[in-house]
Amino acid sequence: MATKVDQAIELIKSMTVLELAELVKRFEAEFGVSAAPVVAAAPAAAAAAGAPAAPAAPAEEKTEFTVILKEVGPNKINVIKAVRELTNLGLKEAKDLVEAAPKPVKEGVSKAEAEAAKKKLEEAGAVVELV
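Residues numbered from 1 in each chain as written. Predicted model: local features only at pLDDT ≥ 70, side-chain atom pairs only at ≥ 80, totals over all residues. Heavy atoms only, no water.

Some thoughts on the overall build of the protein
Scanning the protein from terminus to terminus reveals 6 helices and 3 strands. Helices and strands in the protein line up, N terminus first, as α-α-α-β-α-α-β-α-β. Expressed as a percentage of its 131 residues, the buried residues of the protein come to 18%. Here the contacts in the protein between residues at least 6 apart in sequence split such that 66% fall between residues at least 24 apart. For the protein, the computed accessible surface area is about 9,700 Å², with 60% contributed by carbon and sulfur atoms. (Helix = DSSP H or I, 4+ residues; strand = E, 2+ residues; numbered from the N terminus. Buried < 20%, exposed > 50% of the residue type's maximum accessible area, 1.4 Å probe, protein only. Contact = heavy atoms within 4.5 Å. Areas by Shrake-Rupley, 256 points an atom, 1.4 Å probe, with all protein chains shown as cover.)

Digging into the sheet that holds strand S1 (residues 65-71)
Spatial strand order, S2-S1-S3: 3 strands in an open sheet with antiparallel pairing. Both edges of this open sheet fall to strand S2 (103-109) and strand S3 (127-130), since each of them pairs with a single strand only. The average undirected angle you get between the axes of adjacent strands in this sheet is 20 degrees. (Pairing = 2+ DSSP bridges. Axes fitted to C-alpha atoms, helices over the stretch in contact; angles between N-to-C directions.)

Considering helix H4 (residues 76-86)
Owing to its 3.6 residues per turn, the α-helix brings residues three or four apart onto one side. The complete set of buried residues in H4 reads Val-79, Ile-80, Ala-82, Val-83 and Leu-86. End-on view of H4: buried residues confined to an arc of 160 degrees, all on one side of the axis. Turned more than 90 degrees from where H4 packs its buried face, Ile-77, Lys-81 and Glu-85 sit exposed. The inward-facing, buried residues of H4 abut S1, helix H5 (91-99), S2 and helix H6 (111-123). (Arc of directions from axis to C-beta.)

What to know about the packing of H4 against H5
At a closest axis distance of 9 Å, the pairing of H4 and H5 adopts a crossing angle of 120 degrees. Here H5 runs oblique to H4, going by the angle between their axes. Once H4 is placed against H5, the crossing between them reads as right-handed. Together, Lys-76, Val-79, Ile-80, Val-83 and Arg-84 of H4 and Leu-91, Ala-94, Lys-95, Leu-97, Val-98 and Glu-99 of H5 make up the contact between the two elements. A breakdown of the residues in the contact of H4 with H5 according to their chemical character gives 7 nonpolar, no polar and 4 charged. (Parallel < 35°, antiparallel > 145°, perpendicular 65-115°, else oblique. Left-handed = near helix turned anticlockwise from the far one by under 90°. Nonpolar A, V, L, I, M, F, W, Y, C, P; charged D, E, K, R; others polar.)

Comments concerning the packing of aromatic side chains
By the definition in use, this model includes 1 aromatic pair. Taken together, a centroid distance of 4.8 Å and an interplanar angle of 50 degrees make the contact between Phe-27 and Phe-31 tilted. With Phe-27 and Phe-31 both in helix H2 (residues 17-31), this residue pair falls 4 residues apart, about one helical turn. In this structure Phe-27 comes out as partly exposed when scored by relative accessible area, which is 47%. (Phe/Tyr/Trp six-rings, centres within 6.5 Å; stacked < 30°, edge-to-face > 60°.)

Structure, rendered in structure tokens:
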């Protein structure tokens, strides 16, 4: 009896290069990961071997974001409702967070989740920043 892993490997073996490329893109988007190889150890290994160090790799794209509520705006009640939808906070906690702006609403989230939260808060009338 084949395991799920064996079945997945067989499925991947049967895919075309274009299908594999699409799989990688969707996997990266779905789980917020990158299939780029890690090259941090290469310059250290080259330097230890006496070879000149390679030029520094470009900075990696940021993968974790913080959604900061900068200003409440004119629709405080709608912003409180949006904060409650985005977090597990109760009414009082959400109200306190909104009234204490600027404050982080969500921390360490993916770019897609951060942008969705920003959109929801801005639609409620708030001023939001992603860092």
